[in-house]
Amino acid sequence: MDTVTLKNEALQRIEKAEKTSDLEQLRIEYLAKKGTVQQLMVQMKDLSPEEKPAFGQKVNELKKVITQALEDRQKQLAESELNERLKTEKIDISLDASSAPVGSLHPLTLITQQIEDIFVGLGYEVAEGPEVELDLYNFEKANIPADHPSRDMQDTFYIDPNTLLRTHTTAIQMRVLEAAHGKTPIKLVCPGKVYRRDDDDATHSHQFMQSEGLVVGEGITLADLKGTLQFMIESLFKEGTKIRFRPSYFPFTEPSFEVDMSCHICGGKGCNVCKHTGWIEILGSGMVHPHVLEINGFDPKKYTGFAFGVGLERIAMLKYGITDIRDLYTNDIRFLQGFKKYQ
Ligand code: DAH
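Peer 1: Explain the side chain of Ser211 here, please?
Peer 2: Within the secondary structure layout, Ser211 lies in strand 6 (residues 207–217). Its relative accessible area of 1% is what places Ser211 among the buried residues. Look past the residues within four positions of Ser211 in its chain and what remains in contact with it is Ile115, Thr169, Val189, Cys190, Pro191, Phe308, Gly309, Val310 and Leu312.

Peer 1: I'm lost on the sheet that holds strand 2 (residues 132–134) in this one. Help?
Peer 2: Sheet strands line up and pair through hydrogen bonds in the backbone, either parallel or antiparallel. An order of 2-4-3 is seen for the three strands of this open sheet, with the pairing classed as antiparallel. With partners counted over all chains shown, the strands left at the sheet margins are strand 2 and strand 3 (158–160), one partner each. Mean inter-strand twist for the sheet, computed between neighbouring axes without regard to direction, equals 30°. Sheet analysis places strand 2 next to strand 4 (residues 163–165), joined by three bridges and oriented antiparallel. Bridging from a neighbouring strand, Glu133 pairs with Leu164 of strand 4.

Peer 1: Help me understand the sheet that holds strand 8 (residues 253–262) in this model?
Peer 2: One open sheet holds the seven strands; their spatial order is 1-5-6-10-9-8-7, and the pairing between them is mixed. Of all the strands in the sheet, just strand 1 (125–126) and strand 7 (243–250) have a single pairing partner and so form its edges. In terms of strand pairing, strand 5 (residues 186–195) meets strand 6 through 10 bridges, oriented antiparallel. Bridged to Lys187 within strand 6 is Val215.

Peer 1: Before we go on, may I ask you to explain the site of the ligand in this structure?
Peer 2: Near the ligand you find 16 residues, and of these His168, Thr170, Arg196, Gln210 and Glu212 are the closest. Within the side chain of His168, a nitrogen or oxygen atom sits 3.0 Å from a nitrogen atom of the ligand. At 3.5 Å from an oxygen atom of the ligand is found a main-chain nitrogen or oxygen belonging to Phe308. Here the ligand loses 92% of its free accessible area of 350 Å² to cover by the protein chains. Counting residues per element, the ones that place at least two in the shell around the ligand are helix 8 (170–179), strand 6, strand 9 (279–288) and strand 10 (304–311). When the residues that make up the shell around the ligand are grouped by side-chain class, the tally is four nonpolar, 10 polar and two charged.

Peer 1: Where do I start with the packing of helix 1 (residues 3–16) against helix 2 (residues 20–31) in this structure?
Peer 2: Any two packed helices are characterised by the angle at which their axes cross and by the distance between the axes. Orientation of helix 1 relative to helix 2, taken along the N-to-C sense of each, is 165°, at an axis distance of 10 Å. One finds that helix 1 runs roughly antiparallel with respect to helix 2. By crossing handedness, the relation of helix 1 to helix 2 is classed as right-handed. Where helix 1 abuts helix 2, its residues Leu6, Glu9, Ala10, Arg13 and Ile14 lie against Leu23, Leu26, Glu29 and Tyr30.

Peer 1: For this particular structure, what's the right way to read the pairing of strand 7?
Peer 2: When a strand is regular, its side chains alternate between the sheet's two faces. Bridging between strand 7 and strand 8 involves seven bridges; their strand directions are antiparallel. Paired with Ile243 across the two strands is Met261, which belongs to strand 8. Counted between consecutive antiparallel strands, the loop separating strand 7 from strand 8 contains two residues.

Peer 1: Got a minute to help me understand the environment of Val215 in this structure?
Peer 2: Within the secondary structure, Val215 sits in strand 6. Setting aside residues up to four positions removed in sequence, Val215 forms contacts with Tyr124, Ile186, Lys187, Ile220, Thr304, Gly305 and Phe306.

Peer 1: Can you help me understand helix 11 (residues 312–320) in this one?
Peer 2: Think of an α-helix as 3.6 residues a turn; residues three or four steps apart then line up on the same face. Of all nine residues that make up helix 11, seven are buried, and the element is covered over most of its length. Within helix 11 the residues assigned to the buried category are Leu312, Glu313, Ile315, Ala316, Met317, Leu318 and Tyr320. Where helix 11 ends, the next residue or the one after it, Gly321, has phi of about 70°, a positive value.

Peer 1: Help me understand the packing of helix 2 against helix 3 (residues 36–43), please; the structure alone is not making it clear to me.
Peer 2: At a minimum axis separation of 4 Å, helix 2 and helix 3 run at an interaxial angle of 5°. Classed by the angle they form, the pair helix 2 and helix 3 counts as roughly parallel. Side by side, helix 2 and helix 3 meet where Glu29, Tyr30 and Leu31 of the first sit next to Thr36, Val37 and Gln38 of the second. Among the residues forming the contact of helix 2 with helix 3, the class breakdown is three nonpolar, two polar and one charged.

Peer 1: Quick question: what am I supposed to make of the nonpolar core here?
Peer 2: If you look at soluble globular proteins, the nonpolar side chains tend to sit buried side by side. Counting 41 residues, the largest nonpolar core has Ile282 and Phe308 as its most contacted members. Residue assignment for this core shows that the elements contributing at least two residues are helix 5 (107–120), strand 6, helix 9 (222–236), strand 8, strand 9, strand 10 and helix 11. If we skip the residues at most four places from it in the chain, Ile282 touches Ile233, Phe237, Val259, Asp260, Met261, Val310, Arg314, Ile315 and Leu318. Core analysis: the next-biggest nonpolar cluster, separate from the first, contains 23 residues, Leu164, Cys190, Val292 and Tyr303 among them.

Peer 1: Where do I start with unusual backbone geometry in this structure?
Peer 2: Glycine aside, residues mostly have negative phi, and peptide bonds are mostly found in the trans state. Between Thr184 and the following residue, Pro185, the backbone shows a cis peptide bond with an omega angle of 0°. Its place among the elements puts Pro185 in the loop between helix 8 and strand 5. Backbone torsion omega between Glu254 and Pro255 reads -5°, so that peptide bond is classified as cis. With respect to the element layout, Pro255 can be found in strand 8. Of note in this structure, His181 is not a glycine but carries a positive phi near 50°. Its place among the elements puts His181 in the loop between helix 8 and strand 5.

Conventions adopted
- Per chain, residue numbering runs from 1 following the sequence as it is written.
- With the structure being a predicted model, the display of local features is reserved for residues of pLDDT at least 70 and the display and counting of side-chain atom pairs for 80 or more, all residues being used for whole-chain, interface and lining totals.
- For the side-chain quantities, the full set of heavy atoms in the structure was used; hydrogens and water were omitted.
- The way it works is that DSSP assigns letters per residue, a run of H or I at least four long becomes a helix, a run of E at least two long becomes a strand, and they are numbered from the N terminus.
- Relative accessibility thresholds used throughout: buried, under 20% of the residue-type maximum; exposed, over 50%; partly exposed, between the two (1.4 Å probe, protein chains only).
- Contacts were defined at the residue level, with two residues in contact if any of their heavy atoms lie within 4.5 Å.
- Note on pairing: DSSP must find at least two bridges between two strands before they are called paired.
- The axes used here are C-alpha line fits, helices contributing only the stretch in contact, and every angle between their N-to-C directions lies in the interval 0 to 180 degrees.
- Consider each residue's heavy atoms; a residue with any of them within 4 Å of a molecule or strand counts as near.
- Distance and chemistry together define a polar contact, namely a pair of N or O atoms within 3.5 Å, with one atom able to donate a hydrogen and the other to accept it when in protein, and with adjacent residues in sequence counting only for side-chain atoms on both sides.
- Only the protein chains shown count as cover for residues, with accessible areas throughout obtained via the Shrake-Rupley method and a probe of 1.4 Å.
- By the convention adopted, Pro, Cys, Tyr, Trp, Phe, Met, Ile, Leu, Val and Ala count as nonpolar, Lys, Arg, Asp and Glu as charged, and the other residues, Gly among them, as polar.
- Here roughly perpendicular refers to angles of 65 to 115 degrees, roughly parallel to angles under 35, roughly antiparallel to angles over 145, and oblique to all remaining angles.
- Should the near helix be turned anticlockwise from the far one by less than a right angle, the crossing is left-handed, and should it be turned clockwise, the crossing is right-handed.
- We call a set of buried Ala, Val, Leu, Ile, Met, Phe, Trp, Tyr and Cys residues a nonpolar core when their side-chain atoms join them within 4.5 Å.

The quantities given are spatial measurements derived from coordinates; they are silent on function.
In structure tokens form, the structure reads like this:
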């Protein structure tokens, strides 16, 4: 077969190939070592020396043309094979999209964040401390010596005679005071878990959350405490909420106060939530006891401070209308879903 006929035949067959695998077959048939084109080279030896160059050139030309045609067709077929696959393997992503359920922040996390936001906005720092605490920080440094009757109210879980699960975030307060080495100002809040050997019922739990607030500096007065708590309560509940101070006793503050807020449900008129008194007890507070300042390295003649401790479950229950504290710990998704709207 002469080269022209061979070329035409090869080009036609390549053009007609319908699969890339057919093309591979053709490539072997024409271009492989024992393929038709290579066989032409073998014929060269029968030609005269004058004829050889021209024939060689033709064969090379033929090789080039066939290679190019194979490549072109290969591209075309690959593209149409891909299109075909895309058509048949198409996934309709708009169909039956199963949505992943998204959780919501726990109400106690919401309250923790709100308290942190309020106080960070006032230039406070957020402090932390260990939940397994030394008697030294939980009691001794808070002016509660071993034989002090107020220990009974905070009976807790002891790991050994000197180590216990902290009963209040006041322990963090003592750690921060000690670590400050007499340096002021100190402005902090410290939310965290605390533990007491308490009955578990609708309003009590052996484990709950508190946040302490502490400010120590020169010229800090009860008026600062009052203004700060007024701001905190209004920010947590609503503007116009009133607070009132009732004298109380805590070993680490003097004077000490229980703080009530006007009922956020009835506005002070009296309802079930405030037991028809118009007021709701909300936290404990006071001026840092001079002895506490002194044993922690501060000159009580120069420095004063205020402190408060607030129960976060109580805030969450009042704010979100939760009637059983245990709902906060049972991780029932149906309950927790209800708090999505607050985040
Ligand atoms: N530690 C107290 C308690 O757990 C709460 C408290 C009251 C903390 C008065 C304070 C404070 O810092 O000044 O009942």
